[in-house]
Structure formats: C-alpha cells, structure tokens
Amino acid sequence: MTGYHEPVMVSEVMSYLLESRREILVDCTAGDGGHTLEVLKRTKDTYVLALDVDDDAVSTVQGRLGREYAGRFQVRKGDYRELGQVLGKVGIPRVDGCLFDLGVSSRQVDSPERGFTYWGEAPLDMRMNRESPVTARDLLWTLSQDELARILWEYGEERFSREIAARIVRAREEGALDTAEDLVKVIKAAIPARARQGEIHPARRTFQALRIAVNDEISRLGKALWQAFLLTRPGGAIVVLSYHSLEDRIVKSVFREIEDRGLGKRLTKKPARPADAEVNANPRARSAKLRAVERAR
Ligand SMILES: C[S@@+](CC[C@H](N)C(=O)[O-])C[C@H]1O[C@@H](n2cnc3c(N)ncnc32)[C@H](O)[C@@H]1O
C-alpha cells in the first residue's frame, strides 16, 4: 500500500492508451496521479498533461511526480469539461489520447472535512472543486422535496427516495441538517430496518446521488467526451473508466455514435471489467467499466 489512491485496471488502461499514438496524452482526472505515473514509467518520450479540479489532487501529483518527471509532465488545475480552453492556455493545440477515470478518489473519500462520506461531524460539502459555489448542504436546504427525490432516484437508484426526501424537508424545517451524521440519521429513519439488512451502508446511495448532483457529473459528460475526441489527433485513443451505470450509458452511446458516423473505431464493444484478483485486492474497483475508442486514422 502506498497511501495513494490505488489506480484501477492499470494494465488494461495502458494497453489501450499506449498502443495508439502517444506523444502527448492528457490524464483528465489526475487524482493522486496513479495512471499518470504508469504512463511515465512505461514510456520514454510521452508527455503527460494531468488535470484535476481539486487543488489537493494537483498538489499531491505535483509533489509525487513533479521532480522526477519534470520536462515530460505537468499538472494543472482544470476541468475536463473545458479541455479546449485548458489546452489553449498551456499551448497544446491537439493531443494523442485522453484518459478519464471518473468519480471520486480515495483521498477525497477518506478526508472527512470534504464531506464525501458518512463521518460524524463532517460538513455536507462534497465539492470536488472547492471554488465551485454549491455544496451538498446548499442542495439539501434549497431544493424542493420533488427535486430531492428525483436526484436520489436518478443518481442513487435509491428505492426510498421519496421517504428520504420528505424527511430531509422535515429535518431542515427543524433546523437539524448540517453534518453527515444529521443526514445519516434522516436516511436511517426513512429506510425500514428490514430493507437495511445486508447493505454496505444505508446512506451510500444518497451520498452518491448528492455527490453527482453537487459536481454536475452526469449532464455534461457526453459533451466533454466529444470535445476530448475532437481534440485528439487521428489514431489517438479516448479511454474511460466509469463506476456508475448512468455514466457508462453515456460513454457507450458517445462511442457508438463516433463509430456509426465513421469518425473512429470502438476498441471495446463490451466494457472491460477488472479481474477478480483486482477486485479482491481493491474493492473500489468493483464497479469499474472500461471503454475505449480510437479516432480514425
Ligand atoms: C477516480 S479519481 C482519479 C484517480 C487517478 N486515476 C489515480 O490513479 O490516482 C477521479 C478524479 O477526478 C477528478 N475530477 C472529477 N471531476 C473532474 C472534472 N470535471 N475535471 C477534472 N477532474 C475532475 C476528481 O477530483 C478526482 O480527483
């Protein structure tokens, strides 16, 4: 164990990313830099631009890789949904491949002050980019009961979305909804005890749904993938690791459209999945799905 986020499906990611053109690659979701490090280790002349919206990720990656790989690598704070602008700023007009490893990093989940998970007094924050204006608490306190229920259902597939939304509204009327613990209490009260048995944590789906809503993770993903694809030179690849069925559906449909329009070729018809051994060693890999597409040469 390194103490860093454990990168998922490393050999599969590398085989798709490095078999294609690879002079300049973008790691659109640097995290702790695990995949970036693998690219740098396995190549001699590939340049990697690593991006993350989270300042902590940027400083971690800079500290981890900045010295050893100076000259072949840079890390920047940036949003992959604005990849064109980011590339413009660093003077890189086109790239040879992009990696998206969606979702949260272990560092984010394991830092109580970020509010991604159910730690007692943690604030209900959940922003990956701490400059973005809206926190989970803001959503919990301002959305209507129907909007809350929709988010929990759509992004969390939470069966008890309506009950939880009703209790959230009640809790805020009572002024008791400020910490992770407050929200966990609300969720536990809304889900019947028998339905909670055997679950990893009854609050898991609600927290996931709020995180997706706070960071607007789904609605702009399709556009972001198209943008990355169009900034990638012929022969380059886009590789995506997703952890949520809604994300995978978007990746699948964008890649299929790319192929149908004759702009590229899917390298994975069905998503690749992690081997059992990887899931046993790193349970966070459990839901990973990998899809890759290559831009027509
Ligand atoms: C699963 S982690 C990546 C882990 C990384 N592959 C590693 O091996 O360490 C996902 C990262 O994407 C970042 N992220 C999420 N949305 C982003 C966005 N729109 N633009 C850039 N980075 C984003 C998160 O802050 C998080 O650090």
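Residues numbered from 1 in each chain as written. Predicted model: local features only at pLDDT ≥ 70, side-chain atom pairs only at ≥ 80, totals over all residues. Heavy atoms only, no water.

**Side note on the nonpolar core**
Proteins that are soluble and globular tend to have nonpolar side chains buried together. Counting 68 residues, the largest nonpolar core has Val26, Cys98, Phe100, Leu183 and Ile238 as its most contacted members. Shared between two domains, this core takes at least three residues from each, and those domains are domain 1 (10-103 + 218-295) and domain 2 (114-214). Grouped together as the second largest cluster of nonpolar side chains are 29 residues, Ala30, Leu40, Val61 and Leu99 included. (Core = buried A, V, L, I, M, F, W, Y, C linked by side-chain atoms within 4.5 Å. Buried < 20%, exposed > 50% of the residue type's maximum accessible area, 1.4 Å probe, protein only. Domains from an automatic or database assignment.)

**Focus on the site of the ligand**
Neighbouring residues of the ligand: 24 residues in total, closest Asp32, His35, Asp52, Asp101 and Gln108. With respect to the ligand, the backbone of Cys28 contributes an N or O atom lying 3.5 Å from a nitrogen atom. Asp79 is positioned with one of its side-chain polar atoms (N or O) 2.9 Å from a nitrogen atom of the ligand. Summarising the interface, the protein chains cover 97% of the accessible area of the ligand, which totals 600 Å² for the free molecule. Among the detected pockets, the ligand sits in the second largest pocket. Across the shell around the ligand, the residue classes break down as 8 nonpolar, 10 polar and 6 charged. (Near = heavy atom within 4 Å. Polar contact = N/O pair within 3.5 Å; in protein donor to acceptor, adjacent residues only side chain to side chain. Areas by Shrake-Rupley, 256 points an atom, 1.4 Å probe, with all protein chains shown as cover. 1 Å grid on protein atoms, 1.4 Å probe; cavity = no way out; pocket = protein on both sides within 12 Å on 5 of 7 lines; lining within 4 Å. Sits in = over half its atoms within 2 Å of the grid points. Nonpolar A, V, L, I, M, F, W, Y, C, P; charged D, E, K, R; others polar.)

**Points about the layout of surface pockets**
In this structure, the largest pocket spans a volume of roughly 960 Å³. Lining the largest pocket we find 32 residues, and of these Val104, Arg204, Gln208, Arg211 and Ser287 sit closest to its centre. Put simply, the parts of the chain that give the lining of the largest pocket at least two residues each are α5 (106-109), α7 (145-156), α11 (204-214) and α13 (245-260). Ranked by residues supplied to the lining of the largest pocket, first place goes to α11 with 6 residues. Its residues assigned to classes, the lining of the largest pocket shows 12 nonpolar, 11 polar and 9 charged. Each of domain 1 (10-103 + 218-295) and domain 2 (114-214) accounts for three or more of the residues forming the lining of the largest pocket. Estimated volume of the second largest pocket: approximately 670 Å³. For the second largest pocket, the lining is made up of 39 residues, of which Asp52, Val53, Tyr80, Arg81 and Met128 are closest to its centre. If you list the elements that add at least two residues to the lining of the second largest pocket, you get α2 (34-42) and α11. When grouped by side-chain class, the residues that make up the lining of the second largest pocket number 13 nonpolar, 13 polar and 13 charged. (Points joined across faces, edges and corners; volume = space filled by probe spheres on them. Helix = DSSP H or I, 4+ residues; strand = E, 2+ residues; numbered from the N terminus.)

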